[in-house]
Amino acid sequence: MALRSWVTSANDGDTDFPIQNLPYGVFRRDMQDRIGVAIGDQILDLRACAEQGLFKELPQEVADTCRQDFLNALMALGPGSWSILRRRITALLNEERAGSARSVVEGLLTPRREAVMRLPVRIGDYTDFYASIHHATRIGKLFRPDNPLLPNYKWVPIGYHGRASSVVVSGQEIQRPLGQSRSGDLDPVFGPSKSLDYELEIGAFTGPGNSLGKRIPVGEAEDHVFGLCLLNDWSARDIQSWEYQPLGPFLAKSFATTVSPWVVTMEALAPYRAEAPSRPDGDPAPLEYLREPAGSSGAIEVSLEVYIQSSGMRGAGAPPMLLSRSNLRDLYWTIAQLVTHHASNGCNLRPGDLIATGTISGPDEGSEGCLLEMKHRAKPIQLPGGEVRSFLADGDKVIFRGLCQRAGLPKIGFGECDGIITGAALDC
């Protein structure tokens, strides 16, 4: 029989946050940032749980991490400690096991609608990969129709180091960036980006990490991953096309990256694992250090959706419009391979580092992970009311959603990752 919570909203089949999920986040209460766990339409305050003695049976180091302002200390402890804490939280919220603690826990819940969500992690470093072959191929065809993939793509996970300081939590406005761009043979100009785009991604937060000079075997890589979130790597395509050669993305991406406030743990995602897609005939096998153990389920079934809502749509009361659907399982490189490759030269990962997958796209029309990919469509994107989009306009709201669903299992989700585009700041 499936677990049920005494928090009745957690048993609603439409919620992202049943008792089988229990994602972690940080919220503001009583002028203080607190670690919490989402359950139905509520947040369980873990700082308050620790202060009320509900974690006294746990190892002291585990209980102490719940009093912190960020998740980094908990992430540093590793899978064994994560499981101990998860089991205790599950027991406190389980309708059959809560017992006398229920009356105490009921007073430690905060309605999600009343909470101000914060960044869940103090992010030290941020790395963005390019792990979707469908995205890479579709983008490559725009510039190299006869040879869309560069020779290294099927051999090595491609990535770049991003800017951690401009990672923001869902719900914050995104200011249109200024930068240099060039049209044709004209001299470059400096001004607001005219080709602002989103990128649908998943972010992985690292756990214990590795010491400098020590690599992470691919079979152990996921022991270094605490959990996943939704991620929007906003991109100014016109700035990017002028600056990216020869060194890659810079100001076209460093102005903002949005993450969802809830981190879904790898333990919660375990029932939704899947075999990674088999490589097409003729593709090289991964080099030995990237070969996952035989029979491993390196992929995760996460259905991803992108919605858009213009300011005109909001004014007219029109709901957000679905733009595309894709799935995390379709990546060419798995999350374990990304982690292993990142540390393969001895680079040290630290608790709370953010590793993004890159834009997640599927093979078919309707599964594109960004607007730039949609240029291959026969017709432009038309919004309700007659508005047309090739790139984002001021006032546009972009919303990402992610769900795990499988027969016989409850649905678990990531909440939403959203941001509204505002005008460029033209005065210094």
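Cut-off values and rules
Residues numbered from 1 in each chain as written. Predicted model: local features only at pLDDT ≥ 70, side-chain atom pairs only at ≥ 80, totals over all residues. Heavy atoms only, no water. Disulfide = S-S within 2.5 Å. Helix = DSSP H or I, 4+ residues; strand = E, 2+ residues; numbered from the N terminus. Buried < 20%, exposed > 50% of the residue type's maximum accessible area, 1.4 Å probe, protein only. Lys, Arg positive; Asp, Glu negative; His and termini not counted. Salt bridge = Lys/Arg side-chain N within 4 Å of Asp/Glu carboxyl O. Contact = heavy atoms within 4.5 Å. Core = buried A, V, L, I, M, F, W, Y, C linked by side-chain atoms within 4.5 Å.

**Q** I would appreciate a short explanation of the state of the cysteines in the present structure.
**A** Any covalent bond linking the sulfur atoms of two cysteines counts as a disulfide. In total, this model carries zero disulfides according to the counting rule given. The cysteine Cys347 is free of any disulfide, with Cys229 supplying the nearest cysteine sulfur at 19 Å. No disulfide involves Cys370; its sulfur sits 15 Å from that of Cys417, the nearest cysteine.

**Q** What's the story with the side chain of Lys411 in this structure? I'm lost.
**A** Following the sequence through the fold, Lys411 ends up in the loop between strand 25 (397-404) and strand 26 (412-422). Buried Lys411, no salt bridge; nearest opposite-charge side chain is Asp16, N-O distance 4.4 Å. Among residues more than four places away in sequence, those in contact with Lys411 are Gly13, Asp14, Thr15, Asp16, Pro18, Leu403, Cys404 and Gln405.

**Q** Would you mind going over the pattern of salt bridges with me for this structure?
**A** Close approach of charged atoms lets side chains of opposite charge pair. One pass over the structure, following the stated rule, counts 26 salt bridges. In this structure, Asp33 engages Arg118 in a salt bridge whose closest nitrogen and oxygen atoms are separated by 3.1 Å. With Asp33 in strand 2 (residues 32-39) and Arg118 in strand 5 (residues 116-118), this pair connects stretches of sequence that are 85 residues apart. When the shortest N-O distance is used, the salt bridge between Arg389 and Glu387 registers 3.0 Å.

**Q** Before we go on, may I ask you to explain the environment of Asp185 in this structure?
**A** Its place among the elements puts Asp185 in the loop between strand 10 (178-181) and strand 11 (189-192). Separated by 238 residues in sequence, Asp185 and Gly423 have C-alpha atoms that sit 27 Å apart.

**Q** Even after reading the chapter, I still don't get the nonpolar core, so can you show me in this structure?
**A** Soluble globular proteins tend to pack their nonpolar side chains together in the buried interior. Counting residues in hydrophobic clusters, the biggest one holds 62 residues, and the most contacted among them are Tyr198, Leu228, Leu269 and Leu392. The set of elements that each furnish at least two residues to this core consists of helix 6 (133-143), strand 13 (200-206), strand 14 (225-232), helix 9 (266-269), strand 20 (303-309), helix 11 (335-343), strand 25 and strand 26. With five residues, helix 11 is the single largest residue contributor to this core. If you look at the next biggest cluster of nonpolar residues, it comprises 48 residues, including Leu46, Ala63, Trp82 and Ala101.

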